[in-house]
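So the chains spell out like this:
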Amino acid sequence: MPSLEPRRRSRARFEEENDEEQSSGSTSPKRQRRDGNAGEDRENSTDQDVSFAGRGSHRENRGEIRVKPDPERDDREHDTREFQTGAIVRVLVENFVTYEHAEFNPGPNLNMVIGPNGTGKSSLVCAICLGLGYHPKHLGRASNVGEFVKHGKETATVEIELQCRPTERDNYVIRLQIRKEDNKTKWWLNGRDSTHQAIKNVTSGLHIQIDNLCQFLPQDRVAEFAGLTPIQLLHETLRAAAPERMIDWHDQLKELHRKHKELKIRLDTCTETLRGHEIRQQGSQADVDRLREREAIQTKIHDLQNARKVAEYNTLRRMVNESKRRKQDATKRLQELEHACGPALQAVNLKQEYRDKVQAVVEDRKKALRHAEEACDQLLQSVEALDEQIKHVQNKKSAEESSHTSKRAEIAKIRRMITDLEAKLQNKPPEFVPSDWNQKIRQQEQILRENEAEKRGLQSQFGELKALNFSKNEERQRHERDLEALDSQEGQKLAYLKKINVDAAKGWEWLRDHQDEFEQEVFGPPMLNCSITDQRYADQIQSLLATEDFVCFTTQTRNDHKKLSNQFYKQLSLSVTIRTCGSNFASFRPPVSNEEARGMGLDGFSISYLEGPEPVLAMLCAEKRLHVSGVAIGDISNEQYDRLVGSEKINSWATGRTLYRISRRREYGGSAVSTSTRRIMPGRFWTDQPVDTSERAASQRRIHEAEEEIKEIRGKGAVVKTRIREIEEAEEPIREKIDALRSEKNELQKAATQYATLGDKIAAEKGAFESAQSELMQCRKRIFEYSAQEDQLIIEKTISVLQHKEQLSEIRGAHQALVEVQIRLIEARSDVKMLEERNSEIKQQLDQKRSEIDDIKKETEELRTKAVEARRKVEEAVATSGGAGLQHWNELVVDKTAEDIDNEIGAEQTKLELIHGVDPAILRQYEKRAQDIQELTLKKDEMNAKLESYTQKTGQLRERWEPRVDEVISKINDAFSYNFEQINCAGEVGIHKDEDFEQWAIEIKVKFRENETLQQLNQHRQSGGERAVSTIFYLMALQSMAQAPFRVVDEINQGMDPRNERMVHERMVEIACREHTSQYFLITPKLLTGLRYDERMRVLCIASGEHVPPADDSKSMDFGNLVRIQRRLMAAVAA
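Here the structure is a predicted model, which means the values were calculated and not measured.

Parameters at a glance
- Residues numbered from 1 in each chain as written.
- Predicted model: local features only at pLDDT ≥ 70, side-chain atom pairs only at ≥ 80, totals over all residues.
- Heavy atoms only, no water.
- Helix = DSSP H or I, 4+ residues; strand = E, 2+ residues; numbered from the N terminus.
- Buried < 20%, exposed > 50% of the residue type's maximum accessible area, 1.4 Å probe, protein only.
- Contact = heavy atoms within 4.5 Å.
- Areas by Shrake-Rupley, 256 points an atom, 1.4 Å probe, with all protein chains shown as cover.
- Pairing = 2+ DSSP bridges.
- Polar contact = N/O pair within 3.5 Å; in protein donor to acceptor, adjacent residues only side chain to side chain.
- Phe/Tyr/Trp six-rings, centres within 6.5 Å; stacked < 30°, edge-to-face > 60°.
- Lys NZ or Arg CZ within 6 Å of the ring centre and 35° of its normal.
- Arc of directions from axis to C-beta.
- Axes fitted to C-alpha atoms, helices over the stretch in contact; angles between N-to-C directions.
- Salt bridge = Lys/Arg side-chain N within 4 Å of Asp/Glu carboxyl O.

## Some thoughts on the overall build of the protein chain
Next, step 1: The helix and strand tally for the protein chain stands at 29 helices and 24 strands.
Next, step 2: Within the protein chain, the fraction of its 1135 residues that count as buried is 41%.
Next, step 3: For the protein chain, the share of sequence-separated contacts (at least 6 apart) that also reach a separation of at least 24 residues comes to 76%.
Next, step 4: Accessible surface computed for the protein chain: about 63900 Å², of which carbon and sulfur atoms make up 48%.

The structure is reproduced here in structure tokens:
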């Protein structure tokens, strides 16, 4: 077969936790027995189809092993015609878990993958699961695919080749790439980019069932399979051994039963509700009848009340018509009276007309008088406005005259300024050269800057010397403290701590100065605050601990742990270990008494020989279990070793110069035990050693060197300080000279600047002189204009005063005319009054008739208003009733008055009072229940029909499904029983049936002894080995009916004794190597000798270790050659 080329680090080498000690491995008794029969294994395996996967060494000796395939079997290995559709033809992994590169070529039938623990057998199982698109949860290991990338690598690759269908030409090649950084995957199918869903569609189409524990049972899910309930086991069994349509039928039956059950509950609830409604309906009938009678009376009263509104409206309408008729009669009588008295009243009427005309003239003349007065007021306002304008112009004129005076003074001032500037222009100052003066100032400033720079450098140098002096003083004091500490045991330990772990020493020094900042006491490294009471056990006790256990820090509360972590990790950046133990030291007790321990060869337990703070001792017990780790000065015997292993209470002990550790695999039973041993090296921490004189001499030498350096630093500092003082004394004269130069320069520069600007100033002043003269002319012009405006306004005011005088004359004339016409109005009114007194009787009769007509009008309007209101009420009642009640109301008021209607309403109200009142809610509830009863009746009929439909469908589907299930379980039972008969035991598989298809379950019964009856298989009645045998036999019984193209079982034989393991292997080879069976993978770290072998099976051997040669050294790994050498050696021995 093609070579397998794994590259990975070996786990076979045991690394001591103390980083300096090497260990020698030891094997469990079972492994020792296998090793003892190694020769027999080699004899029996010479003709087997064996593939070997080698691993690189731990560090430098990393390589690959290539195995040359047997030429006689080469054709069979490369012929895939025997593979079933979907079977695994090839698996390739790169940088996956423990492998750098490996390629596996399994056979079409039974494939046994063997190799010691830790060599990577289960990694092949992981590759199959992930490479076919399934989630890591089916492995029971890591939850993220990124965790399967080899340590130190960025990506991992898995490539799986699956057998194609007979009608297809090429196999399926699925390739997976895993990126560790972002936990992402990338897929290829047959060399082309693909998706995860497409891969799942391919595997589903090939009936691959990685998610079925009956088909794919990895190492970490063996216990989960054992924990499957019988119901779950039936489901997984049908998935593994029955066609897919049977699973669909089962799901449909469960769904139909669930719906039937839910519908039956709803139907019972509906029936009960309907019965309750009918009972309550019968009890409410009498109350409802009374309520309906009351409602009928109330309805009649309501109709009568509306009819009364109609009657009232009809009455008012008749009264309005009657009032109109009386008004017409009264108007006719008034007209007749006025005709009879016409001549007597004509003189009065004429005089009244004259009076009214005079009254109109009075009003007109009053109006003319008002208009004349308003015009006079307007003229007076005009005169006042002109007065204001004259005052405003006079103010402007005064302001301009003041401005004219100031302008003349300003012109005189400018003339004097021009004269002074022209005189100064004749006197030229000395020449001023700025660059010369600037050069002089810069020369002095340069000297000052050089001195300042020198002084800053000296001050910086002095600061550095000062800091260095302080540092050296601290260093000297630290060395002096270290020298004093060397005289004590604690000081020696602290010096040793600084040598082996500088960060831990720094952390301890900080903790001593800040201990009061914590809630409870925080303890430093155990190597400082703990000691061994009996130095004879020092090496044994220290061998049980790692280096980090000696230098860790211990807190007693979570808050202290958080605070210390923040200080050490974030603030000080220290790499130290911090632990918290919340348990009381008294709670850690040895597992056995001292007498029992001595009977097992132990002098006692490690914690008994340690003294120190109880929280630290409790931490060591919690972390390293020192209270259950035994120690002894002498070594133990084989009998004592067996007693220690059999007690299962002590898993580690150090006796003599050997450390023992016991590992147990509970999932494989109590017999799955392995032991590792290691030679005990001399302890480095809790030892009584004399003071190191070289360390003392080194401390004294460092103190002397520090004092010499301090003396030298102080000398340099004195020189620097003297130079700084000299520079400061020389700076003051230079500054004074710079100030004097700047003052003289400013004066010369000012005089030169002023002379240079004289021409511009003279020109500016002349310009100002011309501008002032121009403004003076403008000011004179405005004064003349304001004088003209003042004269014009005075003229306009005079005209307005004359007009006002004329208007006063008009007012006088209008007032005289008004008085004349008012006198005539008084005369006309007197004449009218005299004539009216002569015809007073006639007038009284006319006024009486007119008053009568007015009363009739008023009465008519009141009746009309009442009739309109009554009509509105009738219309509202009609609108409220929807227009259907008006005719009925008219019928009720025929030949009746409102009083008659009131009497009928009173009679009906009396009837209403005689009927006992009932809550109106009863009627609403009655009607609502009636509607509910109708709906519930229909609903009940519908549910009965649907229930009958479910029952019919369930019966039809069960008739198809149940016989086939019985047939599948019967075949499994036959194979299961036959397997047990071959090992002289008994077993049967049945099915528990129930009306609820959710409760159908597999029943497995087994019998391993003659005097027993068949017992239900569970964790309480059978041992771990018996359950393992039953499990593997059950899985083997599914082999011939397996729907999946391959099956995987990982380390199922770990808990079996040799007898059961041999029997199980015999049956497995017999079943899995038959023709037309699915592919089978069995992964195991151990096998017995002399097991059955079949030509159809293939054995894949995986090995690793530092002695495995590299891949390019294929000759040394030629197993065919190794077998031939073994045969020659065996033949020579036999001869």
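## Considerations on the pairing of strand β15 (residues 629–632)
Next, step 1: Both faces of β15 are covered, namely the face carrying Ser629 and Val631 and the face carrying Gly630 and Ala632.
Next, step 2: Taken together, the two bridges between strand β13 (residues 604–605) and β15 define a ladder with antiparallel strand orientation. Looking across to β15, one finds that Phe605 is bridged to Gly630.
Next, step 3: Bridge count between β15 and strand β16 (residues 652–655): four bridges; the pairing is parallel. Note that in β16 the partner of Ser629 across the bridge is Ser652.

## What about the side chain of Gln1079?
Next, step 1: Tracing the backbone through its elements, the reader meets Gln1079 in strand β23 (residues 1079–1084).
Next, step 2: Residue Gln1079 is classed as buried on the basis of its relative accessible area, which comes to 0%.
Next, step 3: Engagement of the side chain of Gln1079 in a polar contact is seen with the backbone oxygen of Gly107, the distance being 2.7 Å.
Next, step 4: If sequence neighbours within four positions are ignored, Gln1079 has contacts with Phe83, Ala87, Ile88, Pro106, Gly107, Pro108, Asn109, Asn111, Pro1045, Phe1046 and Arg1047.

## With respect to the packing of aromatic side chains
Next, step 1: For the structure shown, the criterion picks out 15 aromatic pairs.
Next, step 2: Taken together, a centroid distance of 6.2 Å and an interplanar angle of 65 degrees make the contact between Tyr641 and Trp653 edge-to-face. Taken together, the residues Tyr641 in helix α20 (residues 638–647) and Trp653 in strand β16 connect sequence positions twelve residues apart.
Next, step 3: Taken together, the ring pairs in this structure connect Trp510, Phe518, Phe553 and Phe568 into an aromatic cluster.
Next, step 4: A cation over a ring is seen here: Lys563 above Phe518, with NZ or CZ 5.4 Å from the ring centre.

## Focus on helix α5 (residues 196–205)
Next, step 1: The set of residues buried in α5 consists of Ile199, Val202 and Thr203. Along the axis of α5, the buried residues cluster in a sector spanning 95 degrees; they form a single face.
Next, step 2: Residues of α5 that are buried in the fold lie against β6 (172–179), β7 (184–189) and β8 (192–194).
Next, step 3: A positive backbone phi angle near 60 degrees is found at His207, which sits one or two residues after α5.

## Some words on the sheet that holds β8
Next, step 1: An order of β3-β2-β5-β6-β7-β8 is seen for the six strands of this open sheet, with the pairing classed as antiparallel. Looking along the sheet, the strands with just one partner apiece sit at the ends: β3 (99–104) and β8. Ignoring which end each strand starts from, the neighbouring axes of this sheet average 20 degrees apart.
Next, step 2: With three bridges connecting them, β7 and β8 associate as antiparallel partners. From the neighbouring strand, Trp187 faces β8, where its bridge partner is Ser194.
Next, step 3: Strand contacts of helix α4 (residues 121–131): β2 (88–96), β3, β5 (155–162), β6 and β7, with the helix running at about 105 degrees to β2, the strand carrying the most contacts.
Next, step 4: Its contacts with the sheet place α5 against β6, β7 and β8, and it is angled at close to 55 degrees to β7.

## Focus: the pattern of salt bridges
Next, step 1: As enumerated under the stated definition, the model contains 37 salt bridges in all.
Next, step 2: With a closest N to O distance of 3.5 Å, Arg579 and Glu548 form a salt bridge. Within this pair, whereas Arg579 is found in strand β12 (residues 578–580), its partner Glu548 is found in helix α16 (residues 547–551), the two being separated by 31 residues in sequence.
Next, step 3: What makes Arg579 buried here is its relative accessible area of 9%.

## Some points on the pairing of β23
Next, step 1: Most of β23 is tucked away, with six of its six residues classed as buried.
Next, step 2: Burial along β23 is two-sided: the residues Gln1079, Phe1081 and Ile1083 and Tyr1080, Leu1082 and Thr1084 are all buried.
Next, step 3: Where strand β4 (residues 110–114) lies against β23, five bridges are found, and the strand directions are parallel. Counted as the bridge partner of Met112 is Leu1082 from β23.

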